[in-house]
Amino acid sequence: MFTSEPVVVIQSAFIYQNERIVLNDVNFSINKGEFVFLIGRTGSGKSSLLKTLYADLWLQQGKAKVAGFTIETMKAAERPFLRRKIGVVFQDFQLFMDRNVQENLMWVLEATGWTDSARMKARVAEVLMQVGMSTSRDKMPHQLSGGEQQRVVIARALLNEPQILFADEPTGNLDPEVSGQIIELFHEINKAGTAILMATHDFDMIRKFPARILKCENGYVKEQPQV
Amino acid sequence: MAKIKKLGSTPNVMVVISLTIALFLIGMCGLLTLNARKLAELVKQNVELQVYLDDDLTTSKLDSIYKILIKKEFVLLKENSPQINFISKEVAAKQFIEESGEDYRRLLGDNNPLHNLYAVKIKQEYFNDAKLKEIKVALELIPGVHEVAYVENFVDEVNKNISKIYLVLSVFVMLLLLIIIILVNNTIKLSLYSQRFLIRSMQLVGATNGFIRKPFIIKGALQGLTSGLVASSCLILLQQLAVRKVEGLVLLQEMDKMIYLLLGILIIGTLMGILSTFQSVERYLRLSLDELY
């Protein structure tokens, strides 16, 4: 059933890194199909905020709801099920080096409860086409360039049709041309209906692809006017 | 090109070697315990009560004493025949002279001071000084019995020494188990260290911890089982070698118990492999990304 409920709602949240508060009184929401940049200097709390949203950091104070899951009361055993409704992409996100692209993606489907082999293969072909990697299905990760690997990682994040993709500096290790292509890919995914929250400090990209901006600064998250 | 690390891969050889050595040592302790137990059993079975008889008993009187003795519960049976031997005073004298090298006849002439006796072997369950004392008192009440003797304290000494051997070996086995756990844990932990980001990636795509653990646990179990098999083979070799080289050792061999011991080693090996891997993987599953770096 269609609902207009936001994909992410965070209210009066305090984000901690170990014992230290990095962000105070965080309040924002992200609607379905929205593209949001999260900017801020290194150490400003962008990654901690993302980690809190995908339940890698415990939300000690405040409330958050992501893809229908309540984060502050979430038990460890529930985390995998939240992560099947969202996609996570970051620069160190690894592929299995001992298996090819298709097997990498098949593993994720198997791990997330898919059983029908024909449907799994069809889904893998679909996401690979979406990220422009259809011809690399049988390649091993080491045979791919950095940009291509990142495309496979994005394809992997898309497998379970996530409501939102959390991307933490997804182009951090890539050259500007490839970075542009990756951001473009995120935009295409977004146009197809998936919300995106992307942490970046690549201002060229922000100028090139104008979208809503949240800025982490001095311990707070603020709405920033679009560039 | 660098060698590609397989999912769930750990340095097989290192883990298997460490586990094998430890399991082999545990198996050795097991073998020693089995042999010590069997040895004690044999020693106990060879303990005799010497029932000295009065002089000048008629053959029928000797028979009636024999009949009383064979009815006693404590007499060891071998293939249903009671282990009671009659040793005449002449035979006893001959044995005495042979064993001691002293000829009493030079002092006492032909006057043989020894008595006819029944040497009675007893069942293991009566093998302690308290019970032997009771038996001694009971037998001495039989008319025609002059005296009952056995090597006092020997029985309790054997029992005490066997308990000591068991205690020392069990402490040793416990220590070995502790060492295996630490050793294997460390080896597996180090090998999983290089795969910690893969484990993290698996978590972030929505795999449950059970699903992530599975390949690692299967690997750990196989490594444990392999180590168990290698250690068991070494033990069989060692045992066979020992039996061939050490005279009399063959008497201490018990095949059925040896099979249980080898099965035990396989089970311990497999369990150790599983538990150590589980514990190490669990550690990485619990760490946050920052802690992983």
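Predicted, not measured: the structure shown is a model, and the values here were computed from it.

Caption draft 1: Just the confidence of the model for chain B, in detail. Residues and elements named next belong to chain B. Here chain B shows a mean pLDDT of 82. Residues at 70 or above account for 91%. For chain B, helix H10 (residues 289-292) is the element with the lowest average pLDDT, namely 65, and helix H8 (residues 209-245) is the one with the highest, namely 91. Overall fold confidence (pTM) sits at 0.69, and the ipTM for the predicted complex is 0.83.

Caption draft 2: Quick look at the UniProt feature "transmembrane region" (unreviewed entry) in chain B. Sites flagged by UniProt as "transmembrane region" (unreviewed entry) map to residues 12-34, 165-184, 216-238 and 259-278 of chain B. With 100% helix and 0% strand, residues 165-184 of chain B has its two end C-alpha atoms placed 28 Å apart.

Caption draft 3: The arrangement of the nonpolar core in detail. Membership of the largest hydrophobic core comes to 78 residues, with the highest contact counts inside it found for Phe37, Leu105, Trp107, Ile154, Phe186 and Met198 of chain A. If you look at the next biggest cluster of nonpolar residues, it comprises 37 residues, including Ile30, Leu53, Ile71 and Val88 of chain A.

Caption draft 4: Structural context of the pattern of salt bridges. Residues and elements named next belong to chain A. All told, the structure shown has 14 salt bridges over all chains when counted by the stated rule. Between Arg99 and Asp98 there is a salt bridge; the shortest N-O distance is 3.5 Å. Across the pair, Asp98 and Arg99 agree in class, each one buried. One network of salt bridges, in which partners are shared, links Glu34, Arg212 and Glu223.

Caption draft 5: Geometry of empty space enclosed by the protein. Across all of its chains, the model carries two cavities of 30 Å³ or more by this definition. Here the largest cavity is characterised by a volume of approximately 100 Å³. As for the largest cavity, its lining consists of 14 residues, and the residues nearest its centre are Arg83, Ile86, Arg156 and Ala157 of chain A together with Val205 of chain B. For the lining of the largest cavity, the elements supplying multiple residues, two or more each, are strand S6 (86-90) and helix H5 (146-158) of chain A. Its residues assigned to classes, the lining of the largest cavity shows nine nonpolar, two polar and three charged. Taken as a whole, the second largest cavity spans an internal volume of roughly 40 Å³. Taken together, Leu31, Leu34, Asn35, Gln239, Leu252, Gln253, Glu254 and Met258 of chain B make up the lining of the second largest cavity. At three residues, helix H1 (residues 12-45) of chain B tops the list of elements feeding residues into the lining of the second largest cavity.

Caption draft 6: How the structure looks around the pairing of strand S10 (residues 220-224) of chain A. Residue and element names in this part refer to chain A. Pairing geometry for strand S9 (residues 212-217) and S10, over five bridges, is antiparallel. The residue of S10 that forms the bridge with Leu214 is Glu223. Counting the residues between successive antiparallel strands, the hairpin from S9 to S10 contains two residues, one of them, Asn218, with a positive phi of roughly 50 degrees.

Caption draft 7: Examining the packing of aromatic side chains more closely. With the rule as written, the count across this model stands at seven aromatic pairs over all chains. Centroid distance Tyr54 of chain A to Phe166 of chain A: 6.4 Å. Interplanar angle 45 degrees. Geometry classified as tilted. On the criterion of sequence distance, the pair formed by Tyr54 of chain A in the loop between helix H1 (46-53) and strand S4 (61-66) and Phe166 of chain A in strand S7 (residues 164-168) is long-range, its members being 112 residues apart. Side by side, Tyr54 of chain A and Phe166 of chain A carry an identical accessibility label, which is buried. Aromatic rings pair up to connect Phe96 and Trp107 of chain A together with Phe211 of chain B into one cluster. Over the ring of Tyr193 of chain B we find Arg196 of chain B, and its NZ or CZ is 3.8 Å from the ring centre. The ring centre of Tyr284 of chain B lies 5.4 Å from the NZ or CZ of Arg283 of chain B, which sits over that ring.

Caption draft 8: Unusual backbone geometry, seen in detail. Positive phi is not limited to glycine here, since Glu161 of chain A has a value of about 45 degrees. Counting through the fold element by element, Glu161 of chain A comes out in the loop between H5 and S7.

Caption draft 9: Highlighting the sheet that holds strand S5 (residues 117-121) of chain B. All names here are of chain B. Taken together, the four strands give an open sheet; going across it, the order is S4-S5-S1-S6, and neighbouring strands pair in antiparallel fashion. Edge positions in the open sheet fall to strand S4 (84-87) and strand S6 (145-149), since each of these has one partner strand only. Strand-to-strand, the axes of this sheet are offset by a mean angle of 20 degrees, without reference to chain direction. As paired elements, S4 and S5 share four bridges and run antiparallel to each other. Residue pairing in the sheet places Phe86 in a bridge with Tyr118 of S5.

Caption draft 10: View of the environment of Gly193 of chain A. With respect to the helices and strands, Gly193 of chain A occurs in the loop between helix H6 (176-191) and strand S8 (195-199). A C-alpha to C-alpha distance of 9.0 Å links Gly193 of chain A and Ile164 of chain A, two positions 29 residues apart in sequence.

Conventions and cut-offs
- Residues numbered from 1 in each chain as written.
- Chains lettered and ligands numbered in written order.
- Predicted model: local features only at pLDDT ≥ 70, side-chain atom pairs only at ≥ 80, totals over all residues.
- Heavy atoms only, no water.
- pLDDT = per-residue confidence, 0-100.
- Helix = DSSP H or I, 4+ residues; strand = E, 2+ residues; numbered from the N terminus.
- UniProt positions renumbered as here; feature names shortened; annotations may be inferred.
- Core = buried A, V, L, I, M, F, W, Y, C linked by side-chain atoms within 4.5 Å.
- Buried < 20%, exposed > 50% of the residue type's maximum accessible area, 1.4 Å probe, protein only.
- Salt bridge = Lys/Arg side-chain N within 4 Å of Asp/Glu carboxyl O.
- 1 Å grid on protein atoms, 1.4 Å probe; cavity = no way out; pocket = protein on both sides within 12 Å on 5 of 7 lines; lining within 4 Å.
- Points joined across faces, edges and corners; volume = space filled by probe spheres on them.
- Nonpolar A, V, L, I, M, F, W, Y, C, P; charged D, E, K, R; others polar.
- Pairing = 2+ DSSP bridges.
- Phe/Tyr/Trp six-rings, centres within 6.5 Å; stacked < 30°, edge-to-face > 60°.
- Lys NZ or Arg CZ within 6 Å of the ring centre and 35° of its normal.
- Axes fitted to C-alpha atoms, helices over the stretch in contact; angles between N-to-C directions.

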